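# Residue-level structure breakdown
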Amino acid sequence: DAKTTQPPSMDCAEGRAANLPCNHSTISGNEYVYWYRQIHSQGPQYIIHGLKNNETNEMASLIITEDRKSSTLILPHATLRDTAVYYCIVRVTGGATNKLIFGTGTLLAVQP
Amino acid sequence: GAVVSQHPSWVICKSGTSVKIECRSLDFQATTMFWYRQFPKQSLMLMATSNEGSKATYEQGVEKDKFLINHASLTLSTLTVTSAHPEDSSFYICSAVAGGRTGELFFGEGSRLTVL
């Protein structure tokens, strides 16, 4: 799996949009970009994933650059409960080689 | 979303004993499950890939005789920490692939093991 690079921490004001960047410059053509988050002492929670088109669901939006070398997770209206470590992961979906390798992630602190 | 459940959520044991952690997919069948461990303030480290009906595949540096994995059915995988020692104290997390959901991986709540 390709490696990803994320800032170790970010702050965001409550109610504002949180934009979390991720670099994955060595991503392969068949690798998807996945985002998970982990709230303290819990298992990771799936947020969103995409291949090359931008994606949106009830939790967040995922913006992938045209060259696919980087992406941004957007939480449109951050709340205090969004404080967590956010992991950006690239992986081939489906088949036997679909394990997730976690990097260090970004600790997002939403401030009141 | 799909539900993955772990049991127990926390366990305390004496050094030298063995501890079994269960991982169940509650509303889907999982031919593949993954086991991770996480030390305080660190990221998740993949330990092994558990395949239903076959032997687990361990990541480099993980002792297969120490961490026994059994995946006897499509909804259950177990991790047994044998002859546990204090350095095995950690947060153990399992995950499973929900087939038919474009490869989403869902995680259990985690099991915190403390070895005295």
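Predicted model, so just to flag it, every value in this text is computed and none were measured. (Residues numbered from 1 in each chain as written. Chains lettered and ligands numbered in written order. Predicted model: local features only at pLDDT ≥ 70, side-chain atom pairs only at ≥ 80, totals over all residues. Heavy atoms only, no water.)

### So, the sheet that holds strand β1 (residues 4-7) of chain B
Sheet strands line up and pair through hydrogen bonds in the backbone, either parallel or antiparallel. Residue and element names in this part refer to chain B. In space, the four strands of this open sheet follow the order β1-β3-β8-β7, with antiparallel pairing throughout. Lying at the two open borders of the sheet, with one neighbouring strand each, are β1 and β7 (67-73). For this sheet the average axis-to-axis angle between neighbouring strands, irrespective of direction, equals 15°. Pairing of strand β3 (residues 19-25) with strand β8 (residues 76-81), which is carried by six bridges, proceeds in the antiparallel orientation. Directly across from Ile21, in β8, lies its bridge partner Leu79. (Pairing = 2+ DSSP bridges. Helix = DSSP H or I, 4+ residues; strand = E, 2+ residues; numbered from the N terminus. Axes fitted to C-alpha atoms, helices over the stretch in contact; angles between N-to-C directions.)

### Quick look at the sheet that holds strand β7 (residues 70-75) of chain A
All names here are of chain A. One open sheet accounts for four strands, arranged β2-β7-β6-β5; its pairing is antiparallel. Pairing within the sheet leaves two strands with one partner each, and these edge strands are β2 (18-23) and β5 (55-56). One ladder, built from two bridges, connects β5 with strand β6 (residues 61-64); its direction is antiparallel. From the neighbouring strand, Thr56 faces β6, where its bridge partner is Ser61.

### Quick notes on the confidence of the model for chain B
On average, residues of chain B score 91 in pLDDT, and 94% of them reach the 70 mark or higher. At the low end of the mean pLDDT range in chain B sits strand β10 (residues 105-107) of chain B, at 87; at the high end sits strand β11 (residues 111-115) of chain B, at 97. (pLDDT = per-residue confidence, 0-100.)

### Some remarks on the interface of chain B and chain A
Facing the 20 residues of chain B at the interface are 19 residues of chain A. In total, about 1400 Å² of surface goes out of reach between chain B and chain A, with carbon and sulfur atoms giving 54% of it. At the junction of chain B with chain A, the criterion picks out zero salt bridges. Remark: the boundary between chain B and chain A carries five residue pairs in polar contact (both at pLDDT 80 or more). Contributions of two or more residues to the side of chain B that touches chain A are made by β4 (32-38), β5 (45-51), β9 (90-97) and β10 of chain B. Looking at the side of chain B that touches chain A, its residues break down into nine nonpolar, seven polar and four charged. (Contact = heavy atoms within 4.5 Å. Buried area = accessible area lost by both parts, 1.4 Å probe. Salt bridge = Lys/Arg side-chain N within 4 Å of Asp/Glu carboxyl O. Polar contact = N/O pair within 3.5 Å; in protein donor to acceptor, adjacent residues only side chain to side chain. Nonpolar A, V, L, I, M, F, W, Y, C, P; charged D, E, K, R; others polar.)

### Focus on the pattern of salt bridges
Following the criterion strictly, the structure yields three salt bridges over all chains and no others. One salt bridge in this structure joins Arg37 of chain A and Asp82 of chain A, with 2.8 Å as the shortest N-O distance. Taken together, the residues span a long stretch of sequence, with Arg37 of chain A in strand β3 (residues 31-38) and Asp82 of chain A in the loop between β7 and β8 (84-92) at a distance of 45 residues. With respect to burial, Arg37 of chain A and Asp82 of chain A carry one shared label: buried. Asp88 of chain B is paired through a salt bridge with Lys66 of chain B; the nearest N and O atoms lie 2.7 Å apart. On the criterion of sequence distance, the pair formed by Asp88 of chain B in the loop between β8 and β9 and Lys66 of chain B in the loop between β6 (57-58) and β7 is long-range, its members being 22 residues apart. Residues Asp88 of chain B and Lys66 of chain B agree in their burial class; the two are buried. (Buried < 20%, exposed > 50% of the residue type's maximum accessible area, 1.4 Å probe, protein only.)

### Considering the state of the cysteines
Two cysteines joined by a covalent bond between their sulfur atoms form a disulfide. Applying the stated criterion to the full structure yields two disulfides over all chains. Note that Cys22 of chain A is cross-linked by a disulfide to Cys88 of chain A, the S-S spacing being 2.1 Å. Looking along the S-S bond of the Cys22 of chain A-Cys88 of chain A disulfide, the torsion reads about -80°, which is the left-handed sense. Here the residue Cys22 of chain A occupies a position in strand β2, and Cys88 of chain A occupies one in strand β8, the gap between them amounting to 66 residues. A residue is classified by how much of its surface remains accessible, and Cys22 of chain A, at 1% relative accessible area, is buried. What pairs with Cys23 of chain B in a disulfide is Cys94 of chain B, and their sulfur atoms sit 1.9 Å apart. Linking Cys23 of chain B and Cys94 of chain B, the disulfide has an S-S dihedral of approximately 80° and is accordingly described as right-handed. Taken together, the residues span a long stretch of sequence, with Cys23 of chain B in strand β3 and Cys94 of chain B in strand β9 at a distance of 71 residues. Of the residues examined, Cys23 of chain B reaches a relative accessible area of 0% and is grouped as buried. The thiol of Cys12 of chain A is unpaired, and the distance to the nearest cysteine sulfur, on Cys22 of chain A, comes to 18 Å. No disulfide involves Cys13 of chain B; its sulfur sits 19 Å from the nearest other cysteine sulfur, which is in Cys94 of chain B. (Disulfide = S-S within 2.5 Å.)

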